[in-house]
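# Examination of the molecular architecture
Now for the letters of each chain:
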Amino acid sequence: MRLMVAATSLAFGLDQISKYLVIYRMELAERYAIDVLPPILNFRYGENTGINFGLFDAGADIGRWILIGISIAICIALSIWTGRQPAHRGMRFAAGLVIGGALGNVYDRLLYGYVLDFLNMSCCGINNPFVFNVADVFIFGGAAGLILFDSQLKKPA
């Protein structure tokens, strides 16, 4: 359980620190765009009221609270599910990354009413119009880890 709490704290902390540094210290909120390593990595200011890629845009305030409730419910369910699994450090770490990332986005929704996004990546002649944040990276990576470790636990001996 301590590993899951540590991973949660790491993901949440790095997400919030990165948002503070890029959005406010680097003044992305005023500049709207900073080319870091174009076209591979750029900072683009975004306010996401929906979920990933702006899907299910929750422009109405009720949608914001529904997304907060769903995120918290998922965090609780993931904690319970992971706690009931055989002791596997990888699963607990991966779950902590998902929970920390989700809580980072919940914190944004509570504070601002939307999630702050700033990462934009393009490659190979494909111009990606979407932005995301460090929390989304942790959520994706943690979910991939959960799938990998869960499938390893279910392999026949």
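Residues numbered from 1 in each chain as written. Predicted model: local features only at pLDDT ≥ 70, side-chain atom pairs only at ≥ 80, totals over all residues. Heavy atoms only, no water.

- As annotated in an unreviewed UniProt entry, the protein is Lipoprotein signal peptidase from Tritonibacter aquimaris.
- According to the UniProt record, the Subcellular location (unreviewed entry) comment for the protein reads "Cell membrane". (UniProt positions renumbered as here; feature names shortened; annotations may be inferred.)

### Side note on the environment of Ala 143
- Assignment of secondary structure puts Ala 143 in helix 5 (residues 134-153).
- Residue Ala 143 is classed as partly exposed on the basis of its relative accessible area, which comes to 33%.
- Along the backbone, Ala 143 and Ala 95 are 48 residues apart, and their C-alpha atoms lie at a distance of 7.4 Å. (Helix = DSSP H or I, 4+ residues; strand = E, 2+ residues; numbered from the N terminus. Buried < 20%, exposed > 50% of the residue type's maximum accessible area, 1.4 Å probe, protein only.)

### Section: the packing of aromatic side chains
- As enumerated under the stated definition, the model contains five aromatic pairs in all.
- The interplanar angle of 80 degrees and the centroid separation of 5.8 Å between the aromatic rings of Phe 12 and Tyr 107 together place this pair among those described as edge-to-face. With a gap of 95 residues between them, Phe 12 in helix 1 (residues 2-25) and Tyr 107 in helix 4 (residues 89-112) connect regions that are remote in the sequence.
- Judged by its relative accessible area of 37%, Tyr 107 falls in the partly exposed class.
- With centroids separated by 5.7 Å and ring planes inclined at 80 degrees, the aromatic side chains of Tyr 32 and Tyr 45 adopt a geometry described as edge-to-face. (Phe/Tyr/Trp six-rings, centres within 6.5 Å; stacked < 30°, edge-to-face > 60°.)

### Quick notes on the UniProt feature "transmembrane region" (unreviewed entry) in the protein
- UniProt annotation of "transmembrane region" (unreviewed entry) refers to residues 62-81, 93-110 and 130-149 when read in the numbering used here.
- Taken end to end, residues 93-110 is 100% helix and 0% strand, and its first and last C-alpha atoms sit 25 Å apart.
- Taken end to end, residues 130-149 is 80% helix and 0% strand, and its first and last C-alpha atoms sit 29 Å apart.

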